[in-house]
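Overview (structure and organization)
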Amino acid sequence: MIRPASEIEYPPTQAQCTKARMLARMEALSTSSDALMAVIASRLGAEAVEQNEEVQALTLEQQRLIQNMRTLVRS
């Protein structure tokens, strides 16, 4: 987003820094959530055809993504 020069503050205030960090975390959580949904969808498709190796790999990826999201929420 481009802001008019009259609205830009240097150095940024504490509130602006906090807002920027919050927005970055929300974007990261959204990206992780989208990746998790894609992995779950792939896993369900693999379970339907009983591809055990793929299901195990996708389960591990799903657990990794969930842990990543928990870490993002805590920070």
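Residues numbered from 1 in each chain as written. Predicted model: local features only at pLDDT ≥ 70, side-chain atom pairs only at ≥ 80, totals over all residues. Heavy atoms only, no water.

Notes on the overall build of the protein
Note the cut-off: Going along the chain from the N terminus, every DSSP run of H or I of four or more residues is numbered as a helix, and every run of E of two or more is numbered as a strand. To sort residues, take the accessible area from a 1.4 Å probe on protein chains only and compare it with the maximum for the residue type: under 20% means buried, over 50% means exposed, and anything in between is partly exposed. Whether two residues are in contact is decided by their heavy atoms, any of which lying within 4.5 Å being enough. Areas reported as accessible are Shrake-Rupley estimates using a 1.4 Å probe. Residue values count occlusion only from the protein chains shown.
Across its full length, the protein holds two helices and zero strands. Sorting the 75 residues of the protein into buried and exposed places 15% on the buried side. Restricting to contacts in the protein with at least 6 residues of sequence separation, those with at least 24 account for 50%. With the model as given, the accessible surface of the protein reaches about 6,000 Å², and the carbon-plus-sulfur share is 60%.

Notes on the environment of L72
Mapping L72 onto the fold places it in helix α2 (residues 52–74). Looking at L72, the relative accessible area reads 18%, which means it is buried. Residues L72 and M26, 46 residues apart in the sequence, show an inter-C-alpha distance of 8.7 Å. Look past the residues within four positions of L72 in its chain and what remains in contact with it is R25, A28, L29 and S32.

Re the pattern of salt bridges
This is how the line gets drawn: Basic side-chain nitrogens of Lys or Arg form a salt bridge, by our definition, when they fall within 4 Å of a carboxyl oxygen of Asp or Glu.
Within the structure shown, the criterion is met by one salt bridge. Linking E61 and R64 is a salt bridge whose minimum nitrogen-to-oxygen distance equals 2.8 Å. Taken as a pair, E61 and R64 lie in helix α2 at a separation of three residues, close to a single helical turn. We classify E61 as partly exposed; its relative accessible area is 28%.

Concerning the environment of V55
Positionally, V55 belongs in helix α2. The spatial distance from the C-alpha of V55 to the C-alpha of G45 is 9.0 Å, given a sequence separation of ten residues.

Looking at the nonpolar core
Under the convention used in this document: The criterion is simple. A nonpolar core is a set of buried Ala, Val, Leu, Ile, Met, Phe, Trp, Tyr and Cys residues joined through side-chain atoms within 4.5 Å.
Listed in full, the seven residues of the largest apolar core are L36, V39, A46, V55, L58, L65 and M69. Among the secondary structure elements, those contributing two or more residues to this core are α1 (14–48) and α2. With four residues, α2 is the largest single contributor of residues to this core. With residues up to four places along the chain from it excluded, the contact list for A46 reads Q51, E54, V55 and L58.

Comments concerning the packing of α1 against α2
Our working rule: Note on definitions: angles span 0 to 180 degrees between N-to-C directions of axes, and those axes are lines fitted to C-alpha atoms, for helices only across the stretch in contact. Every angle not falling under 35 degrees, over 145, or within 65 to 115 is termed oblique; those three ranges are roughly parallel, roughly antiparallel and roughly perpendicular. Here is the rule for handedness: rotate from the far helix to the near one, and if that takes an anticlockwise turn smaller than a right angle the crossing is left-handed, while a clockwise turn gives right-handed.
Interhelical geometry of α1 versus α2 gives an angle of 160° and a closest axis separation of 9 Å. On the basis of their axis angle, the class for α1 and α2 is roughly antiparallel. The two elements α1 and α2 cross, and the hand of that crossing is left-handed.

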